[in-house]
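# Coordinate analysis (summary)
One-letter residues, chain by chain:
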Amino acid sequence: MRIDVLTLFPRMFEGPLGESIIGKAREKGLLEINVSNFRDYSDNKHQTVDDYPYGGGAGMLLKVQPVYDNIKAIEEATPETKKRVILLDPAGKPFDQKMAEEFSTEEHLVFICGHYEGYDERIRSLVTDEVSLGDYVLTGGELGAMVMIDATVRLLPEVLGNQTSAQTDSHSTGLLEHPQYTRPAEFKGMKVPEVLMNGNHKLIEQWQLKESLRRTYQRRPDMLETYPLTAEMQKLLKEIEDEAKTGN
């Protein structure tokens, strides 16, 4: 996969995109990341990238020309790749695990990180997706792009040592992940559930499913509204609801 990032602050990406899983993926040749400063593409002698909005209003808008020329330069350098161009925008579609899974199947992603009050509307004609990290406003799109890149890259084949781990993460299955434990079996009076140590894989799987449902019920009940519950899940969920009422 190739990822290009358009930003006014390329140094922000040096640490996050060079460490941990992303850094290892780049070392293995599984991922290529290029960060460009679209100020370098400004046709203004002062390299300005923003201007006052027509019709008045507070703040400054990013101009279309520098972003357009930066994208064209990427297209000319990589004419063979199909590109998905993502605009980081608080008004965009909320980013989620499903979107990360979609992005992970693409061969070339381009992220545009905005600043100032907003974008010249014509920039939107250059993109395929307008995406928001959540219902809040950040100083710029850089942090949001880093989060999206991380969530996407870890899903690429061979990036994680154990790909099954990504498939069972919270939100990947549609439910929150069940509790997990490692050694020691007891720490300061806190014990690992006995069922996890008895070697009965069927009982372990049932416990994991129930605890996954319980955690989702307690923390994100909205996820259960659209989840296709099986008969077994419905039975377990009824047990969880009854236990919640009795305090067990």
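As the structure is a prediction and not an experimental result, all values here were calculated from the model. (Residues numbered from 1 in each chain as written. Predicted model: local features only at pLDDT ≥ 70, side-chain atom pairs only at ≥ 80, totals over all residues. Heavy atoms only, no water.)

### Brief notes about the pairing of strand 1 (residues 2–7)
Most of strand 1 is tucked away: six of the six residues are buried. Alternating residues of strand 1 divide into Arg2, Asp4 and Leu6 and Ile3, Val5 and Thr7, and every residue in both groups is buried. Handedness of the crossover is the feature at issue here: the chain leaves strand 1, passes through helix 1 (residues 20–27), returns alongside strand 2 (residues 32–37), and the resulting connection is right-handed. With five bridges connecting them, strand 1 and strand 6 (residues 108–112) associate as parallel partners. (Buried < 20%, exposed > 50% of the residue type's maximum accessible area, 1.4 Å probe, protein only. Helix = DSSP H or I, 4+ residues; strand = E, 2+ residues; numbered from the N terminus. Right-handed = clockwise from strand over helix to strand, strands pointing away. Pairing = 2+ DSSP bridges.)

### Quick look at the sheet that holds strand 7 (residues 118–119)
One open sheet holds the three strands; their spatial order is 3-4-7, and the pairing between them is mixed. Since the sheet does not close on itself, it has two edges, and those belong to strand 3 (50–51) and strand 7, each with one partner. Of the strand pairs in this sheet, strand 4 (residues 61–62) and strand 7 are connected by two bridges, and their pairing is parallel. Paired with leucine 61 across the two strands is glycine 118, which belongs to strand 7.

### Thoughts on the nonpolar core
Grouped together as the largest cluster of nonpolar side chains are 43 residues, with contacts concentrated most on Ile3, Phe111, Ile112, Ile149 and Val153. Breaking this core down by element, the ones donating at least two residues are strand 1, helix 1, helix 2 (64–77), strand 5 (83–94), helix 3 (97–103), strand 6 and helix 4 (142–153). If you tally residues by element for this core, the top one is helix 4, at six residues. Setting aside chain neighbours within four positions, we find isoleucine 3 in contact with Leu31, Glu32, Ile33, Asn34, Leu109, Phe111, Ile149 and Val153. (Core = buried A, V, L, I, M, F, W, Y, C linked by side-chain atoms within 4.5 Å. Contact = heavy atoms within 4.5 Å.)

### Description of the environment of leucine 224
Tracing the chain through its elements places leucine 224 in helix 7 (residues 221–224). It is 8.5 Å that separates the C-alpha atoms of leucine 224 and leucine 213, two residues lying eleven residues apart in sequence. Not counting chain neighbours up to four residues away, the residues in contact with leucine 224 comprise Leu175, Leu213, Thr216, Tyr217, Leu229 and Leu237.

### Some points on the UniProt feature "binding site: S-adenosyl-L-methionine" (unreviewed entry) in the chain
Under the local residue numbering, the UniProt record ascribes the feature "binding site: S-adenosyl-L-methionine" (unreviewed entry) to Gly114, Leu133, Gly134, Asp135, Tyr136, Val137 and Leu138. Note that valine 137 resides in the loop between strand 8 (129–132) and helix 4. Along the chain, leucine 138 falls in the loop between strand 8 and helix 4. Setting aside residues up to four positions removed in sequence, leucine 138 forms contacts with Leu133, Leu143 and Gly144. (UniProt positions renumbered as here; feature names shortened; annotations may be inferred.)

### Details of the sheet that holds strand 5
Here five strands make up an open sheet; going across it, the order is 2-1-6-5-8 and the pairing parallel. Single-partner strands in this sheet number two, and they are strand 2 and strand 8. Neighbouring strand axes in the sheet, compared pairwise and without regard to direction, differ in orientation by 30 degrees on average. (Axes fitted to C-alpha atoms, helices over the stretch in contact; angles between N-to-C directions.)

### Re the pattern of salt bridges
Counted under the stated rule, the structure contains 16 salt bridges. Taking the shortest distance from any N to any O, the salt bridge between arginine 2 and aspartate 4 comes out at 2.6 Å. Accessibility assignment for this pair places arginine 2 and aspartate 4 in one class, buried. Residues arginine 84 and aspartate 129 are paired through a salt bridge, measuring 2.8 Å at the closest nitrogen-oxygen approach. One end of the pair, arginine 84, is in strand 5; the other, aspartate 129, is in strand 8, with 45 residues separating them in the sequence. What emerges from the salt-bridge pattern is a single network uniting Lys210, Glu211, Arg214, Glu239 and Glu243. (Salt bridge = Lys/Arg side-chain N within 4 Å of Asp/Glu carboxyl O.)

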